[in-house]
Amino acid sequence: MSEQPSNDSVGQRCQITREDFICQRIEIQKLREGENLILGFSIGGGIDQDPGQNPFSEDKSDKGIYVTRITPGGPAEVAGLRIGDKIMQVNGWDMTMVTHDQARKKLTKKREDVVRLLITRKSLEEAVKHSKGSHPRQ
């Protein structure tokens, strides 16, 4: 069950699964190199992978799709993607229960010059927790 994303790109609360996450939208313009479209990042994870091998999973049971590498100066870095970001959606498609190969195929479609991601990262969660604790409610 997916909520419609709001216009706020950072700090929106989204519910993709049964858990709430603080999400950020990131739009990556693919770089064209001959026949190839370059995103400038690599992924790890997926429901067919061993979550114990995922360095970004705190409880070692998370089978999500995570960013494992960013090409310096590449489209992903320019767009603000970071190592450790968890990809929740790709162009509106839920990425929380997909295989590694399904995620790779959604990201690398040849007909799409732009990839719109909905991601979550630990620093977003911490920033929201901190801001709620530091400002008393009126």
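Our subject in this report is the structure included herewith. Nothing here was measured: the structure is a model prediction, and the numbers come from that model. (Residues numbered from 1 in each chain as written. Predicted model: local features only at pLDDT ≥ 70, side-chain atom pairs only at ≥ 80, totals over all residues. Heavy atoms only, no water.)

A closer look at unusual backbone geometry
Its identity as a non-glycine residue notwithstanding, Asn91 has a phi of 50 degrees, on the positive side. Relative to the elements of secondary structure, Asn91 occurs in the loop between β7 (86-90) and β8 (93-94). (Helix = DSSP H or I, 4+ residues; strand = E, 2+ residues; numbered from the N terminus.)

Remarks on the pattern of salt bridges
If you walk through the whole model with that rule in mind, you get six salt bridges. Put simply, Lys86 and Asp62 hold a salt bridge, and the shortest N to O gap is 3.1 Å. Separated by 24 residues along the polypeptide, Lys86 in strand β7 and Asp62 in the loop between β5 (41-45) and β6 (65-70) bring together distant segments of the chain. For the pair Lys86 and Asp62, one class covers both residues: buried. Two residues, Arg121 and Asp85, come together in a salt bridge whose shortest N-O distance is 2.6 Å. Here Arg121, found in the loop between β9 (114-120) and α3 (122-134), pairs with Asp85, found in the loop between α1 (75-79) and β7; they are 36 residues apart in sequence, far enough to count as distant. Across this residue pair, the class does not change: Arg121 and Asp85 are buried. (Salt bridge = Lys/Arg side-chain N within 4 Å of Asp/Glu carboxyl O. Buried < 20%, exposed > 50% of the residue type's maximum accessible area, 1.4 Å probe, protein only.)

Some remarks on the nonpolar core
Counting 19 residues, the largest nonpolar core has Ile28, Phe41, Leu81, Ile87, Leu107 and Leu117 as the members making the most contacts within it. Those elements giving two or more residues to this core turn out to be β2 (20-29), β5, β6, β7, α2 (100-107) and β9. In this view, Phe41 contacts Ile28, Val67, Arg69, Ile70, Thr71, Ala76, Leu81, Ile87, Leu107 and Leu117; residues no more than four positions away in its chain are not counted. (Core = buried A, V, L, I, M, F, W, Y, C linked by side-chain atoms within 4.5 Å. Contact = heavy atoms within 4.5 Å.)

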